[in-house]
Amino acid sequence: MKLAKTQYVADQLNVAPKTIQNWVRKHEVPVITNDRGHYLYDVLAIEKLRQVKERQLPDREPVLQELATIKPSEDEKTSIKASTQEAEKRMEDIIKRLDHLERMIEQKADEVVSFQLLKHRTELDDVQQSVKSIEDQLTVIEHQQVEQAEKEKTVQPKSLTPRKRQSIFSFS
């Protein structure tokens, strides 16, 4: 026994696969499901679906043939031409509006980018000023440390010499 998938049945009946699945649930068409839950159809299920289609969607072919044989009158032709021209005019208007909106959006995007660039530039300037201030403070601290080290070098030998003399003089 050969089983068909939903897509194949939908193609055979010329309807959407979702329609087939809806008909199966609504009309309780007996189908087999595979391990993934997909419907599989045997010949009897396909025949029942064909009957459901005939009840749900009667053949529209005669209606289409009848519509093809109807010829519009001259008034209807002019009306169709006028409505076509009106539709084209409306379409041109819509296209112009779309173009205008696109230009406005591009302009707004450019403005936003410019604003962001200026904001970032300001933030970078602030960061540079902070770094410069820190560098200046470090320079001052380094200079103070160098001066203090030089004082300690020059003060130490002088202070030791008098103390030695004092101690020498105090013993004598």
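This text follows the structure it describes.
In this report, the structure presented in the accompanying data block is examined. All values derive from a computational prediction rather than experimental measurement. (Residues numbered from 1 in each chain as written. Predicted model: local features only at pLDDT ≥ 70, side-chain atom pairs only at ≥ 80, totals over all residues. Heavy atoms only, no water.)

**Details of the environment of L40**
- Structurally, L40 can be placed in strand β3 (residues 39-41).
- For the pair L40 and P30, spaced 10 residues apart in the sequence, the C-alpha separation amounts to 9.7 Å. (Helix = DSSP H or I, 4+ residues; strand = E, 2+ residues; numbered from the N terminus.)

**Remarks on the environment of E54**
- Relative to the elements of secondary structure, E54 occurs in helix α3 (residues 43-56).
- Residue class for E54 comes out exposed when judged on its relative accessible area of 56%.
- C-alpha of E54 to C-alpha of L13: the two residues are 41 residues apart in sequence and 9.9 Å apart in space. (Buried < 20%, exposed > 50% of the residue type's maximum accessible area, 1.4 Å probe, protein only.)

**Here we look at a nonpolar patch on the surface**
- A cluster of nonpolar residues, M91, I94, I95, L98, L101 and M104, forms a patch on the protein surface that exposes about 550 Å² of accessible area.
- Overall, M91 belongs to the partly exposed group, its relative accessible area being 47%. (Patch = residues over 30% accessible without salt bridge, like charges linked within 9 Å, V, L, I, M, F, W, Y side chains within 5 Å. Areas by Shrake-Rupley, 256 points an atom, 1.4 Å probe, with all protein chains shown as cover. Salt bridge = Lys/Arg side-chain N within 4 Å of Asp/Glu carboxyl O.)

**Here we look at the sheet that holds β3**
- The strand order across the open sheet formed by three strands is β1-β3-β2, and the pairing between neighbours is antiparallel. The open sheet terminates on both sides in strands that have one partner only, identified here as β1 (4-5) and β2 (32-33).
- Pairing of β2 with β3, which is carried by two bridges, proceeds in the antiparallel orientation. Paired with I32 across the strands is L40, a residue of β3. (Pairing = 2+ DSSP bridges.)

**Let's talk about unusual backbone geometry**
- Phi is positive for N14, which is not a glycine, with a value near 60°.
- Among the secondary structure elements, N14 is positioned in the loop between α1 (6-13) and α2 (17-26).
- N14 gets classed as exposed once you look at its relative accessible area, which sits at 69%.
- With a phi angle near 50°, E28 is a residue other than glycine that sits in the positive phi range.
- Classification of E28 by relative accessible area gives exposed; the value is 66%.

**What about α2?**
- Here α2 has its buried residues at I20, W23 and V24. The arc enclosing the buried residues of α2, seen along the axis, measures out at 105°, which places them on a common side. Set apart from the buried face of α2 by more than 90 degrees, the exposed residues are K18 and K26.
- Where the residues of α2 are buried, they touch α1, β3 and α3.
- Where α2 terminates, the next one or two residues include E28, which has phi positive at roughly 50°. (Arc of directions from axis to C-beta. Contact = heavy atoms within 4.5 Å.)

**Topic: the packing of α1 against α2**
- At a closest axis distance of 8 Å, the pairing of α1 and α2 adopts a crossing angle of 100°. The orientation of α1 with respect to α2, classified from their angle, is roughly perpendicular. Between α1 and α2, the contacting residues are T6, Q7, V9, A10 and L13 on the first element and P17, I20 and Q21 on the second. (Axes fitted to C-alpha atoms, helices over the stretch in contact; angles between N-to-C directions. Parallel < 35°, antiparallel > 145°, perpendicular 65-115°, else oblique.)

By themselves, these figures tell us nothing about what the structure is for.
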